[in-house]
Amino acid sequence: MKTSKFRDKLSSVEEKINAKLDKFNDKIGKRVFTARASAIVVTAFLVCAGTGIAHAQTTAYEVLYNGQSIGYVKDQSTFNNALGELQQKLSKEYGNENVIIADDIKLKPARTMGEKLDVGQCAETIYNAGVDVKLKGAAIMIDGKPAIQTDSKETAERALNDFKQQYSQVEGATVLSSELKQNVTIDEQNVEVPDARNYDATLSYLKEGNEITAQTTVQPGETDGNLIAANRGTTVDRLASMNADKDLNALKEGDVLNTTQKAPVLTVVTVVEKQYQEEIPFETEEQPADELMTGEEEEVQKGENGQKDVDAVFTYENGQEVGKEVKSENTTKEPVKAVKRVGTKEAAAAPVSRGSISGSGQFLIPTSGLVGEIGRPGGGSSNHSNGCAVD
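1. Here we look at the pairing of strand E14 (residues 306-317)
Inference 1: One ladder, built from 12 bridges, connects strand E11 (residues 268-280) with E14; its direction is antiparallel. When the bridges of E14 are listed, Val271 appears paired with Thr315.
Inference 2: Pairing of E14 with strand E15 (residues 320-333), which is carried by 11 bridges, proceeds in the antiparallel orientation. Counted as the bridge partner of Lys308 is Thr331 from E15.

In structure tokens:
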């Protein structure tokens, strides 16, 4: 009986111990679960935060100017608008819509949480970086060599066309062709702003950009070398080098000097056909007349010019005639020749006038020969009576 009671008491104690153990295990289990849940929450937060940071970084773009970073923009649209704003500013500043930015400006995705530039700030930042500005211009090439750079292709085309036009028309003629003698092309290229010529400067160059050697005559009051040089658009040194055989400080009116003269850089060859009337000069026939004195003339028939219709082709270079080819001629009025009688009679020789002679009755000594008295036989009178003769 004692044994049975002991067993029951022992069983009761065991149940109590197991109950306490279960409570303890429950507590430990909950703590482990809570710790694991907290770790999951923290990990999820970190993942989300990292994802947000990465997203914010890839929506920014870095602006590179010649390889150097000058700031960030939030998107490509901001960058493109900034370039457009800068383009307008530069066009206004240089007075030309063909302004281009010659620098290397790039945009690339970047990772930054820093401040981003807006449109105006981006444009100003690039401008302040010392942007290299050029013009989308052109070069006029003459026989394969660059002659002048212009601020646009349109400027080059307009100047060339107007230069040709001034020599392409001949009054009263039909133009068959009008071409430049040289091989001229237009090459589009980026041009430095100081080298780009506008329309007026380009046309002036085409008209007067060449220099040729010419001769000039010293005019009244131009005896000073400085004045002569100034009047002819050159320098005294240049004038002296071209006239080494002359002293520019001792020039006289009428002296001929070598100098330079402005001339076009291009030659316009214009071929025209022209119909016109031309006079036919009359001929003159001379008929000898022995009854007229030499040098005397007598008109027999008055001369009249004839007339003809001419069809000819002319060639001009920069407005100067250099060739002519007659295609046909048609005489509409024959010329009438002039006839005149020309004297051939020589004038008679005029008698020699000896004047009156009177004797003094005296002879100058020495004399030679015999001296005798002049008189008529028989005592007749004579103009030489009482005179003397020397034989």
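2. With respect to the sheet that holds E14
Adjacent strands of a sheet form backbone hydrogen bonds with each other and so pair up, either parallel or antiparallel.
Inference 1: In space, the four strands of this open sheet follow the order E7-E11-E14-E15, with antiparallel pairing throughout. Strands with a single pairing partner mark the edges of an open sheet, and in this sheet they are strand E7 (174-180) and E15. Across this sheet, the average inter-strand angle for adjacent strands is 20°, counted without regard to direction.
Inference 2: Strands in contact with helix H4 (residues 153-165) are E7 and E11; relative to E7, the strand with the most contacts, it is inclined by about 135°.

3. A look at the confidence of the model for the protein chain
Inference 1: In this model, the protein chain carries an average pLDDT of 81, and 74% of its residues clear a pLDDT of 70 or more.
Inference 2: Ranking the elements of the protein chain by mean pLDDT puts helix H1 (residues 2-58) last, at 46, and H4 first, at 97.

4. Section: the packing of aromatic side chains
Inference 1: Summed over the entire model, instances satisfying the criterion amount to three aromatic pairs.
Inference 2: Taken together, a centroid distance of 5.7 Å and an interplanar angle of 80° make the contact between Phe163 and Tyr167 edge-to-face. An identical accessibility class is assigned to Phe163 and Tyr167; each is buried.
Inference 3: Grouped by ring-pair contacts, the aromatic residues Tyr276, Phe314 and Tyr316 constitute a single cluster.
Inference 4: Cation over ring: Lys89 sits above Tyr127, and NZ or CZ is 3.9 Å from the ring centre.
Inference 5: Above the ring of Phe314, the side-chain terminus of Lys274 is found at 4.9 Å from the ring centroid.

5. Things to note about the side chain of Thr202
Inference 1: Here Thr202 is to be found in helix H5 (residues 199-208).
Inference 2: We classify Thr202 as buried; its relative accessible area is 0%.
Inference 3: When residues no more than four places from it in sequence are discounted, the contact partners of Thr202 are Ile140, Ile148, Thr150, Thr155, Ala159 and Arg197.

6. Some thoughts on the environment of Glu85
Inference 1: Following the sequence through the fold, Glu85 ends up in helix H2 (residues 76-94).
Inference 2: For Glu85, a relative accessible area of 38% puts it in the partly exposed group.
Inference 3: Taking the C-alpha atoms as reference, Glu85 lies 7.6 Å from Gly120; in sequence the two are 35 residues apart.
Inference 4: Sequence-distant contacts of Glu85, defined by excluding residues within four places in its chain, comprise Val119, Gly120 and Ala123.

7. With respect to the sheet that holds strand E2 (residues 68-73)
Inference 1: On the basis of which strands lie adjacent, the open sheet formed by three strands has the order E2-E1-E4 and antiparallel pairing. Strands with a single pairing partner mark the edges of an open sheet, and in this sheet they are E2 and strand E4 (105-110). In this sheet, neighbouring strand axes are inclined to one another by 30° on average, regardless of whether the strands run parallel or antiparallel.
Inference 2: Examined bridge by bridge, strand E1 (residues 60-65) and E2 share five bridges and lie antiparallel to one another. If you follow Leu64 over to E2, its bridge partner there is Ser69.

8. Regarding H2
Inference 1: Under the 1.5 Å per step criterion, the end-to-end length of H2 is 27 Å for 19 residues, consistent within 8% with the ideal 27 Å.
Inference 2: Each element contacted by the buried residues of H2 is listed here: E1, E2, strand E3 (99-101), E4, helix H3 (119-128) and strand E5 (133-142).

9. Considerations on the pattern of salt bridges
Inference 1: Taken as a whole and judged by the stated rule, the model has 17 salt bridges.
Inference 2: When the shortest N-O distance is used, the salt bridge between Glu297 and Lys340 registers 3.3 Å. Highlighted residues: Glu297 in strand E13 (residues 297-301) and Lys340 in strand E16 (residues 338-345), separated in sequence by 43 residues.
Inference 3: Several salt bridges share partner residues, and in doing so they unite Glu278, Lys308 and Glu329 into one network.

Definitions and cut-offs
Residues numbered from 1 in each chain as written. Predicted model: local features only at pLDDT ≥ 70, side-chain atom pairs only at ≥ 80, totals over all residues. Heavy atoms only, no water. Pairing = 2+ DSSP bridges. Helix = DSSP H or I, 4+ residues; strand = E, 2+ residues; numbered from the N terminus. Axes fitted to C-alpha atoms, helices over the stretch in contact; angles between N-to-C directions. Contact = heavy atoms within 4.5 Å. pLDDT = per-residue confidence, 0-100. Phe/Tyr/Trp six-rings, centres within 6.5 Å; stacked < 30°, edge-to-face > 60°. Buried < 20%, exposed > 50% of the residue type's maximum accessible area, 1.4 Å probe, protein only. Lys NZ or Arg CZ within 6 Å of the ring centre and 35° of its normal. Expected span 1.5 Å × (residues − 1). Salt bridge = Lys/Arg side-chain N within 4 Å of Asp/Glu carboxyl O.

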